[in-house]
Every structure is written in structure tokens, then in C-alpha cells.
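Structural characterization, general
Each chain, written out:
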Amino acid sequence: MTPVSGRFRRPGAGGGLVFAALAIWSLSNYAFFFLAGRELGPAQFGLVSALVAVPVIVSVPCNALQYGIARAETGTGGEAVYPRAFRAALRGGALVVAVGGLAVAAAEWLDPSVPAAPLLLTVGAVAALPPLFLALGRAQGRRRFADYALGFVVWGLSRPLGLLVLFALGLGVSGAVGASTLSIVLGAVVAAALVGGRGRATAPTAEVWQAFRDSLAPVSVGLAAVAILTNLDVVAAKLLLSADDAGYYGAASVLGKAVVLLPQTIALVTLPDVADRAARGAHGARGLGMALAASIILGGLAAVAALPLADPVVRIAFGSDFLPAAPLVPLLVLAGTLLGLALVVVTYRAARAEYGFLWSAGAVSLLFPAILALVASTPREIAVVTIAFGVVV
């Protein structure tokens with residue numbers, strides 16, 4: 001089966017379009033957080049940060065679906081995998097909504113102060129993620145870069161635009177979480193409509209279906225490990241800190257972990273070469289070393305720059321109410337750099353089908369919430385624990 005990376009061999013044949021879409025998506029997400037922070041204030045923004053971090057964590061292992069479908073689409077008989085997988089994702093999404101809805105209703109019955117509406121919207125976001133990534137995977141595998149890019153742009157731009165509309169309607173936390181959920185649903189609908197092929201088709205052979213399934217677990221575990229280490233600290237801040245401190249931490253996390261975008265880009269660019277070298281039996285360690293070195297250098301420079309610039313950047317991005325977040329920004333830039341390095345290594349191992357490392361990374365990430373609960377009681381301590389786990393992975 002042809003590696004999925006073959007799709008990116010010629011950046012001029014669609015790579016630039018995809019990178020532009022990813023840039024728009026990233027900028028749209030920052031606009032969403034800046035607008036939400038300014039409108040809601042630290043206490044409510046902390047809740048929003050925690051809730052929107054949940055689909056972010058889920059979205060990363062969902063990338064394994066995209067990876068698997070893209071690989072399947074490039075192999076003989078692989079075109080039959082997507083319809084079957086998409087139907088399964090819809091059934092699974094309905095089950096998630098039903099079970100999640102019952103759980104939220106039970107929680108509200110036990111404690112009326114539970115934010116039921118934002119929690120239900122979060123459940124909806126989680127349910128919409130698998131169809132979104134499956135559709136993006138088909139576009140990727142078929143080299144339909146315009147469809148792939150448009151799906152990402154709709155997903156990204158609809159988030160801040162929807163936020164403005166829902167805020168104008170007087171919705172606060174529910175408006176912010178609702179805009180995030182709406183963007184995922186719209187992205188899934190658009191991407192699925194563009195790639196088509198969701199109806200019944202010739203069933204995939206047992207070998208092709210098994211190859212798709214075999215790739216999901218280890219890649220999901222490796223990517224989930226990075227997602228947990230990158231995002232769970234925000235959830236922990238909401239659970240362990242005061243409302244205001246959680247909001248400060250959420251704001252600092254948005255700014256500090258922006259540095260993760262650099263190794264994410266490097267991982268995306270180097271993945272094709274790594275996969276091609278692995279297919280030829282070559283190691284590719286030199287490319288990995290260069291990718292890690294570039295991430296370390298630029299991440300280190302960003303951390304140094306954050307020392308004098310954190311105050312004005314926080315003031316401009318979130319307003320003076322969030323200035324207590326400024327001392328956390330350099331620490332979270334460092335954490336973001338280390339976690340970005342982990343993403344590069346996980347991508348490298350996944351491209352080479354070296355799944356043992358991915359399982360190990362998953363095991364390490366399971367310790368993260370336990371250590372946070374045991375030793376972290378201040379924003380700084382949460383940041384330091386996050387840095388420590390970045391070093392370990």
C-alpha cells in the first residue's frame with residue numbers, strides 16, 4: 001500500500017493551498033480565544049478553556065482516522081474503507097450524544113450548579129470529530145487538496161464568526177462553547193459533502209479493512225499522549241485553581257503554546273520523507289535530528305523573547321485584567337517547545353510504523369493527571385509539571 005505521505009511529495013501541487021488553510025485555521029482559533037477572553041473575563045474564560053480543551057484532546061487521536069483513511073485510499077481496494085468507516089462514525093456519534101446527554105442530565109440532577117448547556121455542547125463537538133477527520137482523510141488520500149483546504153477553512157473561520165453572532169445574542173459561556181461546536185459540525189458537513197462516497201459501496205476486503213484498523217490503535221495512543229500533555233493542564237487548572245487563576249492559566253496557555261505550531265509544521269513537512277525512507281529501508285535519523293534542532297532553537301528564542309514581552313502581549317491580546325497571566329507565558333513557551341518536540345518524535349515513529357514508542361508515550365501520559373493532582377496547587381506548579389513531562393517524553 002502506498003504511504004499516505006506520497007500525497008505531499010510536490011508542495012506546488014496543492015501543498016501551498018493546504019498550508020494556507022492551516023494558517024487561516026490557526027489564526028481563527030487565536031481570534032476565538034482572544035474574543036472570548038475579552039468578553040467573558042478570567043473566571044468564565046477558565047471554564048471555556050477547560051471545555052474546549054476536551055474536543056482538542058479527542059481530535060488528536062482522531063487524526064489516526066485521517067491517517068488510516070488516507071493510506072487506504074492510496075491502496076488497491078482502499079476506496080471501500082471510507083463509506084464503512086463513515087457510517088460507523090455516525091452510529092458512534094449518536095451513541096456518544098445519547099450517553100453523554102444522560103450523564104450530563106444526571107450530573108445536573110445531582111448538582112444544579114453544573115453548567116449543563118456548555119457540557120452538552122461539548123458532547124456534540126466530540127461526536128462530530130470522527131466524521132470530520134474521516135472526510136479530511138479521504139480528501140488527503142485522493143489528493144483533493146482544494147477540498148481538504150476548504151474543509152479546514154470552514155472549520156476555522158466559523159469559530160470566531162459564530163462566537164460574534166452568539167455573543168451578540170447574549171450568550172456567554174454557552175455561546176463560546178457553542179461556537180466551537182458549530183465550527184466542527186460545519187467543517188464535517190462541508191468536508192463530507194465535498195468528498196462524497198458516504199453511501200453503500202462494495203465492502204472492503206478483510207485484508208484492507210484489517211490494515212486500516214491495525215494502524216488506528218498505536219497512532220491514536222501516540223497522538224493522544226501528546227494531546228493529553230499539551231491540553232490537560234488547562235483542564236487541571238480549572239479543577240485545582242480558583243476561577244480567576246484558571247482563567248489566567250488558560251490565557252497564558254493560549255499564548256505560550258503557540259510555539260507548538262512550529263514543530264507541528266515541521267512534522268507535517270518531514271513526514272513524507274520519513275515515510276518514503278522507511279519504505280526503502282533507510283533510517284532517516286538525520287532528518288529527525290534537523291527537525292528537532294530547528295524546533296529547539298526557535299522555541300528557545302521564543303522563550304527568551306517572552307520574558308520581556310509577556311506583559312504587553314497579554315495586555316494587547318486579553319486586556320489588563322489578565323496581566324497576572326504574564327509570568328506564566330515564558331514557562332508555557334518552554335513547555336510548548338518540549339511538547340512540540342514530542343510531537344515530532346511521535347510523528348517520526350508513526351511514519352516508520354515503530355509502534356512500541358507510541359505505546360510507551362501513551363503509558364507515560366497516563367501519569368500526567370495523577371502527578372498534577374498530587375503536587376500541583378498553583379499555576380506555576382502546573383506549568384512546571386507540564387515542562388517535566390515534556391522532558392520525559
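Computed from a predicted structure; not experimentally measured. (Residues numbered from 1 in each chain as written. Predicted model: local features only at pLDDT ≥ 70, side-chain atom pairs only at ≥ 80, totals over all residues. Heavy atoms only, no water.)

All right, on to the overall build of the chain then. For the chain, the count of helices and strands is 12 helices and zero strands. When the helices and strands of the chain are placed in sequence order, the string is α-α-α-α-α-α-α-α-α-α-α-α. Taking all 393 residues of the chain together, the buried fraction comes to 53%. Of the roughly 16,600 Å² of accessible surface on the chain, 69% is carried by carbon and sulfur atoms. (Helix = DSSP H or I, 4+ residues; strand = E, 2+ residues; numbered from the N terminus. Buried < 20%, exposed > 50% of the residue type's maximum accessible area, 1.4 Å probe, protein only. Areas by Shrake-Rupley, 256 points an atom, 1.4 Å probe, with all protein chains shown as cover.)

A word on the pattern of salt bridges. Applying the stated rule across the entire model yields three salt bridges. The salt bridge involving Lys 257 is made with Asp 233; its shortest N-O contact spans 2.6 Å. One end of the pair, Lys 257, is in the loop between helix 7 (243–256) and helix 8 (261–279); the other, Asp 233, is in helix 6 (residues 206–240), and 24 residues separate them in sequence. Asp 233 carries the same exposure label as Lys 257, and that label is buried. Two residues, Glu 354 and Arg 349, come together in a salt bridge whose shortest N-O distance is 2.8 Å. For Glu 354, a relative accessible area of 23% gives the class partly exposed. (Salt bridge = Lys/Arg side-chain N within 4 Å of Asp/Glu carboxyl O.)

For the rest of this paragraph, the subject is the packing of aromatic side chains. Taken as a whole, this structure holds 15 aromatic pairs when the rule is applied. Centre to centre, the rings of Trp 25 and Phe 152 are 5.8 Å apart; their planes meet at 80°, and the pair counts as edge-to-face. Here Phe 152 lies in helix 4 (residues 145–168) and Trp 25 lies in helix 1 (residues 15–73), a separation of 127 residues in the sequence. Of the residues examined, Trp 25 reaches a relative accessible area of 23% and is grouped as partly exposed. Taking the relative accessible area as the measure of exposure, Phe 152 reaches 7% and is therefore buried. Ring geometry for Phe 133 against Trp 155: centres 5.8 Å apart, planes inclined by 90°, an arrangement best described as edge-to-face. (Phe/Tyr/Trp six-rings, centres within 6.5 Å; stacked < 30°, edge-to-face > 60°.)

Two numbers describe how helix 6 lies on helix 12 (residues 379–392): the axes approach to 10 Å, and their chain directions differ by 160°. When the axis of helix 6 is compared with that of helix 12, the two are roughly antiparallel. The two elements helix 6 and helix 12 meet at a crossing, and its hand is right-handed. Judged by residue contacts, Leu 229, Asp 233, Ala 236 and Ala 237 of helix 6 engage Ile 382, Thr 386 and Phe 389 from helix 12. Among the residues making up the contact of helix 6 with helix 12, the classes are represented as five nonpolar, one polar and one charged. (Axes fitted to C-alpha atoms, helices over the stretch in contact; angles between N-to-C directions. Parallel < 35°, antiparallel > 145°, perpendicular 65-115°, else oblique. Left-handed = near helix turned anticlockwise from the far one by under 90°. Contact = heavy atoms within 4.5 Å. Nonpolar A, V, L, I, M, F, W, Y, C, P; charged D, E, K, R; others polar.)

For helix 7, with 14 residues, the first-to-last C-alpha span of 20 Å sits near the 20 Å given by 1.5 Å per residue. In terms of burial, helix 7 is a largely internal element, 11 of the 14 residues being buried. For helix 7, the set of buried residues is Ala 246, Gly 247, Tyr 248, Tyr 249, Gly 250, Ala 251, Ala 252, Ser 253, Val 254, Leu 255 and Gly 256. (Expected span 1.5 Å × (residues − 1).)

A cluster of nonpolar residues, Ile 24, Leu 35, Leu 157, Leu 161 and Leu 164, forms a patch on the protein surface that exposes about 410 Å² of accessible area. Elements with a contribution of two residues or more to the nonpolar patch: helix 1 and helix 4. Of the residues forming the nonpolar patch, the biggest block, three residues, is contributed by helix 4. In this structure, Leu 161 sits in helix 4. The exposed category is assigned to Leu 161, whose relative accessible area is 53%. (Patch = residues over 30% accessible without salt bridge, like charges linked within 9 Å, V, L, I, M, F, W, Y side chains within 5 Å.)

Here the chain averages 82 in pLDDT, and 87% of its residues register 70 or above. Least confident of the elements in the chain is helix 8, whose mean pLDDT is 63; most confident is helix 5 (residues 173–195), at 93. Counting interchain partners and residues more than four positions distant, the pLDDT-below-50 stretch residues 1–13 has 30 contacts. (pLDDT = per-residue confidence, 0-100.)

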